[in-house]
Amino acid sequence: MTATLVSYSLLAVWSAMAIYALAFVAFTLDLAGRAARDPRQKGVVEGSEAASGGSGTSGGAGTTVVQRTDAPSVGGYSSRWAKVALALTIIAWLLHVTATVFRGLAANRVPWANMFEFSLTATALIVGVFLAVQLWNDLRFLGSYVIGFVVLALGVATVNFYVDVVPLPPALQSAWLVIHVFVASLATGFFGLGAALSIVQLIQSRREATKGLLRLVPAPDGLENLAYRLNLVGFVLWTFTLMAGAIWAERAWGRYWGWDTKEVWTFIIWVIFAGYIHARATRGWRGSRSAVLAIIGFSAVVFNFTVVNLFFKGLHAYSGL
Amino acid sequence: MDSSRPSDHVDGRGHPTENDITQPRLGVVGYARFVWRQLTSMRTALFLLLLLAFAAVPGSLVPQRSADPNGVVQYRTDNPELYRVLDALQVFDTYSSVWFSSIYLLLFISLIGCVIPRTRHHFDALRAAPPRTPARLKRLPAFLAVDAPGITEKDAVESARRLLRRLGYRVRVDSASVSAERGYLRETGNLVFHGALVGILVAVAIGGGFSYTGQKVIVEGQAFSNVLGNYDSFNPGRYFSDDVLAPYSIRLDGFDAEYEEENIDAYGQPIDFTASVTTTIPGADGQPASIKVNEPLRIGGTEVYLLGNGYAPWITVRDADGEIAFSQPVPFLPQDGNLTSLGVVKVPDGLTDQLGMIGFFYPTTLPLASGAFSSSHPDLRDPTLTLEAYRGDLGLDGGIPRSAYSLDTDALTQVAGRTSETPTLALKIGDTVELPDGLGSVELSEVKRFVSLDIHHDPTQTWVFIFSVLVLAGLLTGLFIPRRRLWVKFVAGADGTSTLEYAGLARGDDPTLMAAVTAFAQKHAAGLGIKVGE
Ligand code: HEM
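As a convention, each chain's residues are numbered from 1 in the sequence order in which they are written. A letter from A marks each chain and a number from 1 marks each ligand, given out in the order of writing. Thresholds applied to this predicted model are a pLDDT of at least 70 for local features of residues and 80 or more for the giving and counting of side-chain atom pairs; totals over whole chains, interfaces and linings are not thresholded and use all residues. The basis for the side-chain values is all heavy atoms of the structure; hydrogens and waters are excluded.

Undergrad: Residue-level account of the overall build of chain A, with values.
TA: Each helix and strand counted, chain A has nine helices and two strands in total. A run of DSSP states H or I qualifies as a helix once it reaches four residues; a run of E qualifies as a strand once it reaches two. Both are numbered from the N-terminal end. When its helices and strands are written in sequence order, chain A yields α-α-β-β-α-α-α-α-α-α-α. The cut-offs for exposure are 20% and 50% of the maximum accessible area for each residue type, with area from a 1.4 Å probe on protein chains only; residues under the lower value are buried, those over the upper are exposed, and the others partly exposed. Within chain A, the proportion of its 321 residues that are buried is 57%. The contact criterion used is simple: two residues touch if any of their non-hydrogen atoms lie within 4.5 Å. Summarising the internal contacts of chain A: among those between residues at least 6 apart in sequence, 79% fall at separations of at least 24. For chain A, the accessible surface area stands at approximately 12900 Å², while carbon and sulfur atoms represent 67% of it. All accessibility values rest on the Shrake-Rupley procedure with a 1.4 Å probe; residue burial counts only the protein chains present in the view.

Undergrad: Give me the lowdown on the overall build of chain B, citing residues and values where you can.
TA: If you tally the helices and strands in chain B, you get eleven helices and 24 strands. A radius of gyration in this sense is built from C-alpha atoms; the matching globule rule multiplies 2.2 Å by the number of residues raised to 0.38. Its C-alpha atoms give chain B a radius of gyration of 37 Å, more than 25% over the compact-globule value 24 Å for 534 residues. Overall, chain B is about 125 × 60 × 55 Å in size when its C-alpha atoms are taken along their principal axes. Burial status across chain B gives 48% buried among its 534 residues. Long-range pairs, those at least 24 residues apart, make up 61% of the contacts in chain B between residues at least 6 apart in sequence. Accessible surface computed for chain B: about 26400 Å², of which carbon and sulfur atoms make up 57%. Between the mean site of the 46 positive side-chain charges and the mean site of the 59 negative ones, chain B shows a separation of 23 Å. Positive charge is attributed to Lys and Arg, negative charge to Asp and Glu, and no charge count is given to His or to the chain ends. The atom standing in for a charge is NZ when the residue is Lys, CZ when it is Arg, CG when it is Asp and CD when it is Glu.

Undergrad: Just give me the short version of unusual backbone geometry, but keep the residues and values in it.
TA: All names here are of chain B. Residues other than glycine seldom take positive phi values, yet Gln 90 does so here, at roughly 65 degrees. Along the polypeptide, Gln 90 turns up in the loop between helix 6 (80-88) and helix 7 (98-127). Overall, the relative accessible area of 28% leaves Gln 90 in the partly exposed class. One non-glycine residue with positive phi stands out, namely Leu 339, at about 60 degrees.

Undergrad: Break down the interface of chain A and chain B for me, citing the residues and quoting the values.
TA: How big an interface is tends to be stated in terms of accessible area lost as the parts join. Counting residues at the interface gives 61 residues for chain A and 73 residues for chain B. Throughout, buried area stands for the accessible area (probe radius 1.4 Å) lost by two parts on being put together, summed over both. At the boundary of chain A with chain B, total buried surface from both sides reaches about 5400 Å², with 63% on carbon and sulfur atoms. The salt bridge definition used is simple: a Lys or Arg side-chain nitrogen within 4 Å of an Asp or Glu carboxyl oxygen. For the pair chain A and chain B, the interface holds one salt bridge. A salt bridge links B:Arg298 to A:Glu250, with the nearest nitrogen and oxygen atoms 3.4 Å apart. Two N or O atoms count as a polar contact when they lie within 3.5 Å, although within protein this holds only if one can serve as hydrogen donor and the other as acceptor, and sequence-adjacent residues are included solely when both atoms are side-chain atoms. The tally of links between chain A and chain B comes to seven residue pairs in polar contact (both at pLDDT 80 or more). Counting residues per element, the side of chain A that touches chain B draws most heavily on helix 7 (residues 220-253) of chain A, which supplies 16 residues. Here the term charged refers only to Asp, Glu, Lys and Arg, the term nonpolar to Ala, Val, Leu, Ile, Met, Phe, Trp, Tyr, Cys and Pro, and the term polar to all other amino acids, Gly among them. Taken together, the residues of the side of chain A that touches chain B break down into 36 nonpolar, 15 polar and ten charged.

Undergrad: Tell me what's going on with the coordination of the iron atom of the ligand, and back it up with residues and numbers.
TA: Ligation of the iron atom of the ligand by protein atoms is provided by A:His278 (NE2) and B:His194 (NE2), these donors lying 2.0 Å from the ion. Angles of 75 to 178 degrees at the metal separate the six donor atoms of the iron atom of the ligand, which places the site in the octahedral class. In this pair, A:His278 sits in helix 8 (residues 261-280) while B:His194 sits in helix 9 (residues 184-210), so the two residues belong to two different chains. Donor atoms: N, O and S within 2.8 Å of the metal, or within 3.2 Å for Na, K and Ca. Because water is excluded, sites can look incomplete. Irregular is the label for any site that misses the other tests, which are tetrahedral for four donors with all angles between 85 and 135 degrees, and square planar for four donors or octahedral for six when opposite donors exceed 155 degrees and the remaining angles lie between 65 and 115.

Undergrad: Lay out the confidence of the model for chain A with the relevant residues and their values.
TA: The predicted coordinates ought not to be read in detail in places where the model reports low pLDDT. pLDDT expresses, on a scale from 0 to 100, how confident the predictor is about each individual residue. Mean pLDDT over chain A: 81, with 81% of residues reaching 70 or higher. Summarising per-element confidence for chain A, the mean pLDDT is lowest in helix 2 (residues 47-51) of chain A (34) and highest in helix 8 of chain A (94).

Undergrad: Tell me about the nonpolar core, residues and numbers included.
TA: For our purposes a nonpolar core is just a set of buried Ala, Val, Leu, Ile, Met, Phe, Trp, Tyr and Cys residues, chained together by side-chain atoms within 4.5 Å. The biggest cluster of nonpolar side chains holds 111 residues, and the ones touching the most others in it are A:Leu139, A:Leu142, A:Leu177, A:Leu193 and A:Leu197. Other than its neighbours up to four places away in sequence, A:Leu142 contacts A:Phe130, A:Leu193, A:Ala196, A:Leu197 and A:Val200.

Undergrad: Please give an account of the packing of helix 7 of chain A against helix 8 of chain A that cites residues and values.
TA: All names here are of chain A. Where helix 7 meets helix 8, the closest approach of the two axes is 10 Å, and the angle between their N-to-C directions is 150 degrees. Taken together, the axes of helix 7 and helix 8 lie roughly antiparallel to each other. Helix-helix and strand crossings are classified by hand; for helix 7 and helix 8 the assignment is left-handed. Facing helix 7, whose interface residues are Glu 224, Asn 225, Ala 227, Tyr 228, Asn 231, Leu 232, Phe 235, Trp 238, Thr 239, Leu 242, Ala 249 and Trp 253, helix 8 presents Glu 263, Thr 266, Phe 267, Ile 269, Trp 270, Phe 273, Ala 274, Tyr 276, Ile 277 and Arg 280. Axis geometry follows a simple rule: fit a line to the C-alpha atoms, using only the stretch in contact for helices, then measure angles between N-to-C directions, giving values from 0 to 180 degrees. Note on angle classes: values under 35 degrees are labelled roughly parallel, values over 145 roughly antiparallel, values of 65 to 115 roughly perpendicular, and the remainder oblique. Here is the rule for handedness: rotate from the far helix to the near one, and if that takes an anticlockwise turn smaller than a right angle the crossing is left-handed, while a clockwise turn gives right-handed.

Undergrad: Help me get a handle on the site of the ligand, residues and values and all.
TA: Residues are classed as near a molecule or strand on a simple rule: at least one heavy atom within 4 Å of it. Around the ligand, the surrounding shell holds 25 residues, and the nearest of these are A:His278, B:Arg5, B:Cys114, B:Asn190 and B:His194. Proximal residues around the ligand fall on chains A and B, making this an inter-chain site. The separation between an oxygen atom of the ligand and a polar side-chain atom of B:Asn190 is 2.7 Å. Residue B:His194 places a side-chain N or O atom 2.9 Å away from a nitrogen atom belonging to the ligand. Classifying every residue of the shell around the ligand gives 14 nonpolar, nine polar and two charged.

Structure follows, in structure tokens:
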């Protein structure tokens, strides 16, 4: 039974990866289209104006609305490639979630108890956050980055981190495994998307100074505000992760905080993002500088998940490798 | 929006370069004020936060004395020169080092200096009416105007006041306008957040002084009573005194280990450890209890954790006449996942010479091609004990503390083992073997399990928890409750027409401000019989 479920799960992972790869190609073609497309062409709204707090006046009967918005919007631009890519992403994501659920069923516990399983669940959450945010903001221009990252991570996880289903060692048998690790993975999803927006923001402000904005991608301000909102959610989740980890450590290891390597890095990440939030409120630090901090923060998250798990010595020796 | 924030806050009033050009003019007081202003600025807070993150890194690259003392010893052996440099820089104690401590103490001084004036200001703001309506609402970030033919000023203002109150705004009515504010909780949350951080720091500092941790190995059937001399190792906080040790005892009745049997990929992996104990406090009968890895035992203000376990072969040594010289279970320390374990036996008295033995215990014996043994399963299925025996001076009387788990063989002569005539002794349960030179005999009578317990006392742990909850609650309110001002103004035109103006202002990032102003305008105007388009 376990073996069957495991093989279904792996089949679903590989299929999801193949379809993600196609989605990645489609997103990239769409991105190429956005860069190449002539902005004067009919029906194309300039992202820069709609996004950078431009005021539009619309006269209803006797009503004047002066409105300033900062939501990154590209005026509903949508290429055929973008639609295909999004559809492929949804299909791949459903397979991905199925793979994760089957893995959990096979092991008869939550599917995040070793590196392979963390990677599987965390990437599913990243794509989940990416898809969910689409409901409010059209972020398809981030598709290449997000899906590219996920395909790479899944590939490395399945090829290099794969371990068979094994029961939980006593230290991991705790409700906190469910909460602590899940919330950490979810926070990773938000930080990842935030960092993606910050990268595009940096590119855009660079171009603003030289060649002019990338058409059909929002202007830096809009990107920054959305990135900030995502990172705030990520930060709250991370704060919770840190506290839940401390409570669990108290139960399992007899102290709530001991500067174990993994604890150190969780702390470092928390402080970097606290710094990022401050930077946004400090004169002279809005814009590119705080964007760089957000990117450093997410890099630390990835570092914590890979290098620290694999090469640093500590109590969190649960990679299963 | 708020003058109590540091002057380099984005919402602050200060001139952008005010901080840089303010030179101390007033001598010592002025200079102190200047330094204080710098220290409590947003920029300093940001700088110190980033510095703190950076300063925490080295401690994760190099083993720390607090978490991994053996790692530090190893490091010293491997890189003696680098060790000396890093040790001088306190890198092996990063988190209690002078430099790390200075950074976070400065940060917290900055934090307190920043939060106190804001708290005072916020306290005043909570009782004050909202500020006057600005002259030109059109300039505000969210603005909307509606033609309001035939509406009187009094109706417009009164209905706006009532509606705003109902929506939870604090309201101030001026002649032709209403000024309203809501979301004071946002600032409260932010202040609670920063204040609770201070609370955590103080609680941790006090806790560190009064806490203690100790370790104790107990074999099945043995008991431990909580007095200082009974611990194998003990780490007291700075203000520890003996009399805080609560009088209780813990007896290990049995230890059960369960290992995976079905899953071939994980065969022999531990599934569950349970220590069954009887706890006794003075004046009461013994109580049965159990300790598991994620389920510590709480007793007498301490927590007792199950940190490790292993085997304790019961070894009896007799002299040539059969008189018992030594008989007790000896805990052997596990060396691998299959519990191949290493142990030492010291018999100082009762034989013609002092006897020291060092050996391995294999719970499930697997003979290797080389003739050596290994263990193929952690459970007790086919145990073997091997011992190398030495005679000579064990060095126990020299006043130098010796670990019970190591044997210094330099001054000893091997009588059984790889380098002597008699080979290494090997015993199964129930076996007795003769020692060479007519020294006597060794018997393995049974094998017991032992547990190693960690006993902790931390009087401020609960406080740390409470402050952490406040941190989280403050964070949520401070980040996600929108703080808004709303204004409604009745403007009578020259030609007898009239207009209603609505405007909003938010503190911080507020994506839904315009929507909130529009929604309010629609509701208010509808109450007056005017329809507002999108
Ligand atoms: C231990 C050090 C600190 C940490 C971890 C920290 C963390 C944070 C976090 C997470 C926020 C956003 C949460 C909220 O608004 O409720 C925040 C906001 C804020 N902090 Fe701190 N902080 C620290 C020290 C300081 C210091 C020293 C100052 C003053 C110089 C300060 C001033 C502020 C201000 C003014 C805000 C509001 C920002 C805004 O308007 O959006 N903080 N801080």
